[in-house]
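Analysis of the macromolecular model
Listed here are the chains, written in short residue letters.
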Amino acid sequence: MKKNWLTEDHRIDLPKLFKHLGFRAVQRERTHYLYKGNGAQYVILNTEKGYLYYKIERPDEKLSASDLITEHVSKTEGMDKEMLWDKVDTYYREVLRTESLLVSDNTESTVETVTKDFNHFLAYALPLDKNTDGLYKNLDDMAPFEGRIFKNKEDEVLFPLFNIQNEVCGYFTDTEQEVLPYKESAIKHSLWYSNIPKKIDGLFLFKDPKEALAFHRKFQFKNVVYLALGAINAQTTRILFQIQRLTKVDKLFLSFTGYKKLEGYLRDLHFISYVEDSDFKLHLTDRDMVIDFPMGNEKSFSRFYDHTRRFNTELAQSFLKYNKIIDQNRLNRYSIMVSKDGEQIKVRLPLETNAIRLLVWSYYKNYLDKTIEILKPTAHNWYSEWELAESQTKKRKEVQWKEYRIAL
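Residues numbered from 1 in each chain as written. Predicted model: local features only at pLDDT ≥ 70, side-chain atom pairs only at ≥ 80, totals over all residues. Heavy atoms only, no water.

Overview of the overall build of the protein chain
Each helix and strand in the protein chain was counted, giving 10 helices and 17 strands. Here the C-alpha coordinates of the protein chain stretch approximately 85 × 60 × 40 Å along the principal axes. The 408 residues of the protein chain split such that 48% are buried. Here the contacts in the protein chain between residues at least 6 apart in sequence split such that 63% fall between residues at least 24 apart. In the form shown here, the protein chain has an accessible surface area of approximately 22900 Å², with 48% of it arising from carbon and sulfur atoms. (Helix = DSSP H or I, 4+ residues; strand = E, 2+ residues; numbered from the N terminus. Buried < 20%, exposed > 50% of the residue type's maximum accessible area, 1.4 Å probe, protein only. Contact = heavy atoms within 4.5 Å. Areas by Shrake-Rupley, 256 points an atom, 1.4 Å probe, with all protein chains shown as cover.)

What about the confidence of the model for the protein chain?
Here the protein chain averages 92 in pLDDT, and 97% of its residues register 70 or above. Mean pLDDT across the elements of the protein chain ranges from a minimum in helix α10 (residues 382-391), with 88, to a maximum in strand β7 (residues 168-174), with 98. (pLDDT = per-residue confidence, 0-100.)

Some remarks on the environment of Ala-379
Mapped onto the secondary structure, Ala-379 falls in the loop between β17 (372-374) and α10. As for Ala-379 and Lys-260, which are separated by 119 residues in sequence, their C-alpha atoms are 9.1 Å apart. In this structure, Ala-379 is in contact with Lys-261, Ser-384 and Glu-385, ignoring residues within four places of it in sequence.

Concerning the pairing of strand β16 (residues 344-350)
Inspection of the sheet shows strand β14 (residues 288-294) paired to β16 by seven bridges, in the antiparallel sense. Bridge pairing in β16 links Pro-294 to Gln-344. Across five bridges, the pairing between strand β15 (residues 337-341) and β16 is antiparallel. Looking at β16, one finds that Lys-340 is bridged to Ile-345. (Pairing = 2+ DSSP bridges.)

Section: the environment of Gly-202
Among the secondary structure elements, Gly-202 is positioned in strand β10 (residues 202-206). Residue Gly-202 is classed as buried on the basis of its relative accessible area of 0%. Taking the C-alpha atoms as reference, Gly-202 lies 17 Å from Val-275; in sequence the two are 73 residues apart. Every residue in contact with Gly-202, bar those within four places of it in the chain, is listed here: Asn-223, Val-224, Val-225, Val-249 and Phe-253.

Some points on the domain arrangement of the protein chain
Segmentation of the protein chain into domains returns domain 1 (9-120), domain 2 (130-255 + 377-407) and domain 3 (280-372). A straight line from the C-alpha centre of domain 1 to that of domain 3 covers 52 Å. (Domains from an automatic or database assignment.)

A look at α10
Taken residue by residue, α10 has Trp-382, Glu-385 and Trp-386 as its buried positions. On an axial view of α10, the arc spanned by its buried residues comes to 95 degrees, and they lie on one face. For α10, the secondary structure elements touched by its buried residues are β10, α4 (209-219) and β12 (252-255). Its side-chain oxygen placed 3.2 Å from the backbone nitrogen of Tyr-383, Asn-381 serves as the N-cap of α10. (Arc of directions from axis to C-beta. Polar contact = N/O pair within 3.5 Å; in protein donor to acceptor, adjacent residues only side chain to side chain.)

A few points about the pattern of salt bridges
Within this structure, the stated rule accounts for 19 salt bridges. Here Arg-348 and Asp-288 are joined by a salt bridge, their closest N and O atoms 4.0 Å apart. Of the two residues, Arg-348 sits in strand β16 while Asp-288 sits in strand β14, which places them 60 residues apart along the sequence. Salt bridges linked by common partners bring Lys-55, Glu-71 and Lys-75 together as one network. (Salt bridge = Lys/Arg side-chain N within 4 Å of Asp/Glu carboxyl O.)

Describing the packing of aromatic side chains
For any pair of aromatic rings, geometry is given as the distance between the ring centres together with the angle between the planes. Per the stated rule, a full pass over the model turns up 44 aromatic pairs. One residue, Arg-148, lies across the ring of Tyr-193, its end atom 4.8 Å from the ring centre. The ring of Phe-219 carries Lys-218 above its face, with NZ or CZ at 5.7 Å from the centroid. (Phe/Tyr/Trp six-rings, centres within 6.5 Å; stacked < 30°, edge-to-face > 60°. Lys NZ or Arg CZ within 6 Å of the ring centre and 35° of its normal.)

Remarks on the nonpolar core
Within the largest apolar cluster, 62 residues are counted, with the highest numbers of intra-cluster contacts made by Leu-205, Leu-227, Leu-269, Phe-271 and Leu-349. Among the elements that make up this core, the one with the highest residue count is helix α9 (residues 353-368) (nine residues). Ignoring anything within four residues of it in the chain, the contact list for Phe-271 reads Leu-205, Leu-229, Ile-232, Thr-237, Leu-240, Phe-241, Leu-252, Leu-254, Phe-256 and Ile-372. In terms of nonpolar packing, the next biggest core, distinct from the first, is built from 31 residues, Leu-139, Leu-375, Trp-386 and Trp-401 among them. (Core = buried A, V, L, I, M, F, W, Y, C linked by side-chain atoms within 4.5 Å.)

Below, the structure is given as structure tokens:
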């Protein structure tokens, strides 16, 4: 039995091993290499103890050659019921026998030696200019956003994204046309959030940090945390709800928007499908959506069903303004169809703005009212809402934030 196993990682030239295993070199920087493969992106660094690497979503978790070999052989077939560690040992010894995959005395690294806690994402962020105008003016006076907004060398605004270990693993960038993920950012594994005050009255969730900043410019809340998910999925919502538990805030304020209002409502539905304990399932087809969720108490379902029935009645009445006879097939295609299967409700929802808005509003009112509050700007998004307010020459009566709660 071996007392010391997999102890020669420092001898292995990791960039060459990545290439040997079929990974594609994307770029080489002064301090690191970036490789792609198997649906992931990897950063390779050189330390005093040899090469290490990390996946972009976990910069804090440094791995070595034996980890890469283990990941590789775990996806290959073994011989005669060969176990994982048998395959690792065989491949590891094979690599150590291959001179072209080893670091030799003549090998010179083309990247600088860095410390083990290296995170290449941190090098992207530069201090934001203090004389910036518009939305990013006087950020030093806004405590929630201190240390949460930077710029890159192209003078684009950067918002740092954090993974579940609270490590920076990417950025949102404001390109002026839209807010996008920056370079190789781990957008599907992270979120942005503002600074956490001593007292927290609410969590406010937005499409992106620019929307959060515009919202704050308008309302100037003091004891809240603003958040934006890198992408709406199981990983990012898990981080969100972990923050909610840590802050002990009961209600989440949801304010998704888009270039069109429909985009915001679709984001609402997508997010609700990941709300903890909601059991809200969403399936998209080429012409509609199918939604499943528990019926809940009879009163909630009764009101929900009444809302959809009224919508369908008004849809039919509107049709009769243009045709004396109802085309039932055409009408059914754009109606909200609700059916009950035991304790489960199934809704067939057409891909139509009014229907989707009604569904979001009714489900929120009847099933989420105690845990989620939905806010919507009168403009398409909060940045446009802020721009409109800034352009008004005559000061009007200030609208309170509660007046933006979703309603039909």
